[in-house]
Amino acid sequence: MAVLKVKFTKTRREKLAQILWILNWVSVVSGIILFSLGLFLKIEIKKRNEVMAKGDVNSLPNMLISVGVIACIINFLGGKICYDCSDANKCSRWKLVMLPYIVCTFCFTFCILAGALMCYTMRNELEESLYLGLRDAINFYKDTDIPGRCFLKKTVDMLQIGFQCCGNNGFRDWFEIQWVSARYLNMASKEVLDRLKSNVAGKFLVDGVPFSCCNPSSPRPCIQYQLTNNSAHYNYDFLTEELNIWVKGCREALLDYYTAIMRSIGIAALLIWLFELSVLIGVRYLQTAMKNVLLLGDLEGESDGWLLENSFVETAKYNINIIKNLGKANQISTVSGMNDPNIDVQNTNCGKTTVTTKSIPVAS
């Protein structure tokens with residue numbers, strides 16, 4: 001029994017074809033939107049490529065861009081098919097193409113769904129990429145004289161100012177690395193030498209942060225050095241007073257920023273997927289209705305359209321059997337009880353037959 005069978009008159013078939021033609025053009029626009037969203041996300045990731053480790057972060061924008069381009073092509077073809085199907089005579093040229101088109105489009109819609117779900121599952125990969133990238137960028141902050149790293153100081157400073165953050169996990173990350181270049185250290189100073197000697201690795205470590213960690217909204221002048229030394233500043237208590245530097249780590253700030261973008265893209269992709277699925281259902285009804293009217297031979301009469309010709313269970317069993325029998329067409333059955341197909345073939349008599357031979361004439 002057919003699933004969700006609907007009866008179509010000639011007028012209803014023509015109206016359905018015209019509506020689907022318009023909806024397919026709307027789907028082309030949705031493909032352009034997917035492409036634009038993927039391109040936007042790729043550009044946003046590329047802007048901060050210096051503070052991201054190489055990984056699978058670009059897989060999501062690349063997939064959205066690819067899906068958007070393919071969606072434009074598929075829906076453009078679908079619009080052409082639906083436009084021709086408004087005329088039963090023109091529809092006959094597409095009768096062998098429509099079913100493969102529907103199957104391919106059905107599979108493709110799940111690529112859109114996969115892209116939407118990836119927007120909600122990429123958080124862990126993104127967090128790891130940001131953690132490793134920010135760690136390296138902060139470690140190379142002082143290397144302003146080394147080619148390939150000289151730009152990282154500006155990158156990190158602009159990042160901390162723009163996203164109102166400090167360090168990787170927090171401002172204490174700056175306490176664990178030497179972020180002041182050796183060229184700006186006074187090696188004749190006893191304090192500098194003592195700090196270098198007190199550290200096993202010979203690094204100049206201070207309980208201070210770069211200027212870009214300062215909060216300009218604070219009424220107090222920024223305290224960026226000796227943050228943990230209460231006696232170094234007047235009326236200052238490190239444990240109880242709210243610091244006038246950014247407390248949030250840049251990894252968390254960037255992660256929140258990209259997560260908000262990907263959630264918005266995920267919602268848009270889910271809506272596009274639902275729209276594409278509804279258009280595909282309409283194309284399926286049109287395909288079955290036109291197929292049946294061509295079989296009846298009466299182009300002016302009524303015809304039935306459906307989603308599935310048989311029930312879900314029967315359709316599933318049928319498709320499973322097709323998959324199981326793939327590649328078995330050229331095999332000879334060896335099941336016991338079955339005869340060799342060549343046994344019943346009548347063989348020609350290849351035995352020896354008596355042939356009357358003429359005596360060889362003797363030369364006179």
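Rules of the game
- Residues numbered from 1 in each chain as written.
- Predicted model: local features only at pLDDT ≥ 70, side-chain atom pairs only at ≥ 80, totals over all residues.
- Heavy atoms only, no water.
- Core = buried A, V, L, I, M, F, W, Y, C linked by side-chain atoms within 4.5 Å.
- Buried < 20%, exposed > 50% of the residue type's maximum accessible area, 1.4 Å probe, protein only.
- Helix = DSSP H or I, 4+ residues; strand = E, 2+ residues; numbered from the N terminus.
- Domains from an automatic or database assignment.
- Contact = heavy atoms within 4.5 Å.
- 1 Å grid on protein atoms, 1.4 Å probe; cavity = no way out; pocket = protein on both sides within 12 Å on 5 of 7 lines; lining within 4 Å.
- Points joined across faces, edges and corners; volume = space filled by probe spheres on them.
- Disulfide = S-S within 2.5 Å.
- Polar contact = N/O pair within 3.5 Å; in protein donor to acceptor, adjacent residues only side chain to side chain.

### Remarks on the nonpolar core
What tends to happen in soluble globular proteins is that the nonpolar side chains get buried as a cluster.
Here is step 1: Core analysis: the biggest nonpolar cluster contains 81 residues, and Phe171, Trp174 and Val209 have the highest contact counts within it.
Here is step 2: Contributions of two or more residues to this core are made by helix H1 (10-47), helix H2 (59-84), helix H4 (98-121), helix H5 (123-139), helix H6 (152-163), helix H7 (190-198) and helix H8 (250-296).
Here is step 3: Take this core: its biggest share by element is 19 residues, from H8.
Here is step 4: Structurally, this core is a two-domain feature, drawing no fewer than three residues from each of domain 1 (3-138 + 252-307) and domain 2 (196-247).
Here is step 5: Look past the residues within four positions of phenylalanine 171 in its chain and what remains in contact with it is Cys166, Val209, Leu227, Phe238, Leu243, Ile245, Trp246 and Val247.

### Considerations on the layout of surface pockets
Here is step 1: Put simply, the second largest pocket is a space of about 190 Å³.
Here is step 2: Lining the second largest pocket we find Tyr141, Lys142, Thr144, Lys153, Trp179, Val180, Ser181, Tyr184, Pro210, Phe211, Gln224 and Tyr225.

### Remarks on the state of the cysteines
Here is step 1: Under the criterion given, the structure shown has three disulfides.
Here is step 2: A sulfur-sulfur separation of 2.1 Å characterises the disulfide bridge that pairs cysteine 166 with cysteine 213. Between cysteine 166 and cysteine 213 the sulfur-sulfur dihedral comes to about 85°; the bridge is accordingly right-handed. With a gap of 47 residues between them, cysteine 166 in the loop between H6 and H7 and cysteine 213 in the loop between H7 and H8 connect regions that are remote in the sequence.
Here is step 3: Cysteine 214 shares a disulfide with cysteine 222; S-S distance 1.9 Å. Here cysteine 214 and cysteine 222 share a disulfide; its torsion about the S-S bond, -80°, makes the bridge left-handed.

### Quick word on the environment of glutamine 160
Here is step 1: Here glutamine 160 lies in helix H6.
Here is step 2: Along the sequence, glutamine 160 and serine 212 sit 52 residues apart, while their C-alpha atoms lie 5.9 Å from each other.
Here is step 3: A distance of 3.3 Å separates the side chain of glutamine 160 from the side chain of tryptophan 174, its partner in a polar contact.

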